[in-house]
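Single-letter residue listing:
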Amino acid sequence: MQELRVGILGFGVVGRGVADLLLTRTALLLQRTGVALRLVRIATRTPERDRGLELGSVEVTRDLQRVVAADDIDVVIELIGGLEPAKSLVLEALTNGKHVITANKALIAVHGAELTARAAAVGRELLFEAAVAGAIPVIKVLREGLAANQIDQIYGILNGTCNYILTAMREKGAAFADVLKEAQAKGFAEADPSFDIDGIDAAHKLAILAAIGFGSFPRFDQIHVEGIRHISDVDIAWATEMGYRIKLLGIAKRDAEGLELRVQPTLVPEAGMVASVEGVFNAVFIRGDAAGTTMYYGRGAGERPTASAVMADLVDIARNGQAAVVQRVASFSTLPSYLSSQPVREAAEWRGEYYLRLAVADQPGVLAEVTAVLARQQISIDAIHQKGRSDVAAVPLIMVTHETTEGQVRAALAAMEQLEAVREPPRFIRIEPGFV
Ligand code: HSE
């Protein structure tokens, strides 16, 4: 019987989940692949820590080379995270003839083209299903299930921490800072939450989805990245009043002129499916010219959901081995020689509807001053809301625009900020009324 010998780099939450599945699903995996999947070794900085697993003959070592360079390892699973030393270790493992599986979204988003080129050159697999949306097999869907489609839109909730915070803000009417503190206390948000709440984690995932969906590898700095720190309870309440929910979305669009790539808080219709994805859950929506829009929903993080995705890659490697093929499916779906570099549109050119929030003095003439600024920028207003209170220094003034460009919106808000009656920097949130 054929055997595949596995080494893991990193023995944190996901490493534990992968080890657990490998050690306890031997028969099931054998029935599905025809291959004995054997966990040989795990490298970690803390080999002495008890993870509560029956490890049997599995060696746990501090020495990373005992995984990436050892003769008795066929597949390396990289679960360390971050760019270095992960990148060097992955390159070294490939060069040493190992297949590599990684859950490292930053690594693939930033260095994916270089790493997959190395994998192709040495005839080994580089797979990363767990890097995007945890348990949801969205990479397999894009690469295989939708392979005959021209994809023109991919959007979704790609960060569970942000979705948990936005959901809790709405349900409790609470402020961002209070919900973040509570999420940290419950372990739903990291002690340093900036990667999640500033949108970087979602942007890494979006870069990978865009590369697979569009056959064009974006530079990471071409993605507009905005997080949720500036979303206030006032925004959430007004969004609800107007029939919307606020979600942090990763959005990738393509048309004849190029791509739009952005991570941003977005108002979506509350009756739609995006709005119904709540709490820590993730969802990805993909529009293809043949399939139409399809939706994928599930857990985007956590020990077993992420391990499930890592194991799916291992099963693919085992099956490919049985069929004596390698790289049956290219890492980014499009063959490396056909990957292009499509232009990415600047934010100022994006078209859409916008929600604007100002804090203004509640006095005669303010509305006229503010709307005059919008008129000068040729921005047409769909709705204005203000509940006046003459006993406070500033009241929220909420406006929704008809379709305009982001350049016009930014210019208008910069001009409004100069008005004496405008008491705080104005804010805007994009609206996507057409998202399902
Ligand atoms: N921290 C991420 C999230 C999961 O909150 O969704 C890993 O990318």
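Scoring rules and cut-offs
Residues numbered from 1 in each chain as written. Predicted model: local features only at pLDDT ≥ 70, side-chain atom pairs only at ≥ 80, totals over all residues. Heavy atoms only, no water. Salt bridge = Lys/Arg side-chain N within 4 Å of Asp/Glu carboxyl O. Helix = DSSP H or I, 4+ residues; strand = E, 2+ residues; numbered from the N terminus. Buried < 20%, exposed > 50% of the residue type's maximum accessible area, 1.4 Å probe, protein only. Contact = heavy atoms within 4.5 Å. Phe/Tyr/Trp six-rings, centres within 6.5 Å; stacked < 30°, edge-to-face > 60°. Pairing = 2+ DSSP bridges. Right-handed = clockwise from strand over helix to strand, strands pointing away. Arc of directions from axis to C-beta. Near = heavy atom within 4 Å. Polar contact = N/O pair within 3.5 Å; in protein donor to acceptor, adjacent residues only side chain to side chain. Areas by Shrake-Rupley, 256 points an atom, 1.4 Å probe, with all protein chains shown as cover. Nonpolar A, V, L, I, M, F, W, Y, C, P; charged D, E, K, R; others polar. Core = buried A, V, L, I, M, F, W, Y, C linked by side-chain atoms within 4.5 Å. Domains from an automatic or database assignment. Buried area = accessible area lost by both parts, 1.4 Å probe.

Under the definition given, this model contains 32 salt bridges. A salt bridge links Asp 74 to Arg 5, with the shortest nitrogen-to-oxygen separation between them at 2.9 Å. Taken together, the residues Asp 74 in the loop between helix H3 (65–68) and strand E4 (75–78) and Arg 5 in strand E1 (residues 2–9) connect sequence positions 69 residues apart. The partly exposed category is assigned to Arg 5, whose relative accessible area is 23%. Overlapping salt bridges bring together Lys 253, Asp 255, Glu 260, Arg 262, Arg 345 and Glu 432 as one network.

For helix H4 (residues 86–95), a buried count of seven out of ten residues is recorded, marking the element as mostly surrounded by other parts of the structure. Residues Ala 86, Lys 87, Leu 89, Val 90, Leu 91, Ala 93 and Leu 94 constitute the buried set of H4. Buried residues along H4 sit in contact with E1, H3, E4, strand E5 (99–102), helix H5 (105–122) and strand E6 (126–127). Where H4 terminates, the next one or two residues include Gly 97, which has phi positive at roughly 90°.

This part covers the packing of aromatic side chains. One pass over the structure, following the stated rule, counts seven aromatic pairs. Between Tyr 155 and Phe 285, the aromatic rings sit 5.2 Å apart at their centres with planes inclined by 10°, giving stacked as the arrangement. With a gap of 130 residues between them, Tyr 155 in strand E7 (residues 151–157) and Phe 285 in strand E11 (residues 281–288) connect regions that are remote in the sequence. A single burial state applies to Tyr 155 and to Phe 285, both of which are buried. In textbook terms, an aromatic cluster arises when at least three aromatic residues are bridged by ring pairs, as seen for Phe 128, Phe 217 and Phe 332.

Quick look at the pairing of E4 now. Each regular strand carries side chains that alternate between the two faces of the sheet. With burial as the criterion, each face of E4 is covered, one bearing Val 75 and Ile 77 and the other bearing Val 76 and Glu 78. Judged from the four bridges that link them, E1 and E4 form a sheet pairing that is parallel. Following the sheet pairing, Leu 9 is matched in E4 by Glu 78. Across four bridges, E4 lies against E5 in parallel orientation. Looking across to E5, one finds that Val 75 is bridged to His 99. Crossover connection from E4 via H4 to parallel E5: handedness right-handed.

All right, on to helix H8 (residues 176–185) then. All buried positions along H8 are accounted for by Phe 176, Val 179, Leu 180 and Ala 183. Here the buried residues of H8 occupy an arc of 100° about the axis, which is enough to place them on one side. What points out from H8, more than 90 degrees from its buried face, is the exposed set Lys 181 and Ala 185. Packing partners of the buried residues in H8 comprise helix H7 (160–172) and helix H9 (194–197).

With that settled, consider the site of the ligand. Contacts to the ligand come from Lys 105, Asn 159, Gly 160, Thr 161, Asp 196, Asp 201, Lys 205 and Ala 301. Asn 159 is positioned with one of its side-chain polar atoms (N or O) 3.5 Å from an oxygen atom of the ligand. Surface burial for the ligand is 83%, taken as the share of its 260 Å² of free accessible area covered by protein chains. At the level of elements, H7 and helix H10 (200–214) are the ones that each hand at least two residues to the shell around the ligand. Residue composition of the shell around the ligand, grouped by class: one nonpolar, three polar and four charged.

Here we come to the nonpolar core. By size, the foremost hydrophobic cluster in this structure holds 83 residues, and its most contacted members are Phe 128, Ile 154, Ile 165, Ile 208, Ile 228, Leu 267 and Ile 286. When residues of this core are assigned to their parent elements, the largest contribution, ten residues, is made by H10. Counting residues in hydrophobic clusters, the runner-up holds 30 residues, among them Leu 39, Ile 42, Ala 309 and Val 310.

By the secondary structure assignment, Ala 252 is in strand E9 (residues 244–255). A C-alpha to C-alpha distance of 12 Å links Ala 252 and Leu 158, two positions 94 residues apart in sequence. Setting aside residues no more than four positions away along its own chain, Ala 252 makes contact with Asp 152, Gln 153, Ile 154, Leu 206, Ala 210, Phe 214, Glu 260 and Leu 261.

This next bit is on the domain arrangement of the chain. Per the domain assignment, the segments making up the chain are domain 1 (3–134 + 303–338), domain 2 (139–299) and domain 3 (350–431). Using only C-alpha atoms to locate each centre, domain 1 and domain 2 end up separated by 27 Å. Surface buried jointly by domain 1 and domain 2 totals about 1,900 Å² across both partners, of which 65% is contributed by carbon and sulfur atoms. When the buried area of domain 1 at its contact with domain 2 is split by residue, Ala 109, Val 132 and Phe 332 rank highest and sum to 28% of it. Applying the counting criterion to the domain 1 and domain 2 interface returns two salt bridges. Applying the counting criterion to the domain 1 and domain 2 interface returns five residue pairs in polar contact (both at pLDDT 80 or more). If you list the elements that add at least two residues to the side of domain 1 that touches domain 2, you get H5 and helix H12 (303–322). The leading source of residues in the side of domain 1 that touches domain 2 is H5, at seven residues. For the side of domain 1 that touches domain 2, the class distribution of residues is 15 nonpolar, five polar and four charged.

In this structure, the amide linkage connecting Glu 84 to the following residue, Pro 85, adopts the cis form with an omega of 10°. Its identity is not glycine, yet Gln 327 carries a phi of approximately 55°, on the positive side. For Gln 327, the location among the structural elements is in the loop between H12 and strand E13 (351–360). Despite not being glycine, Ser 333 shows a phi value in the positive range, around 75°. Along the chain, Ser 333 falls in the loop between H12 and E13.

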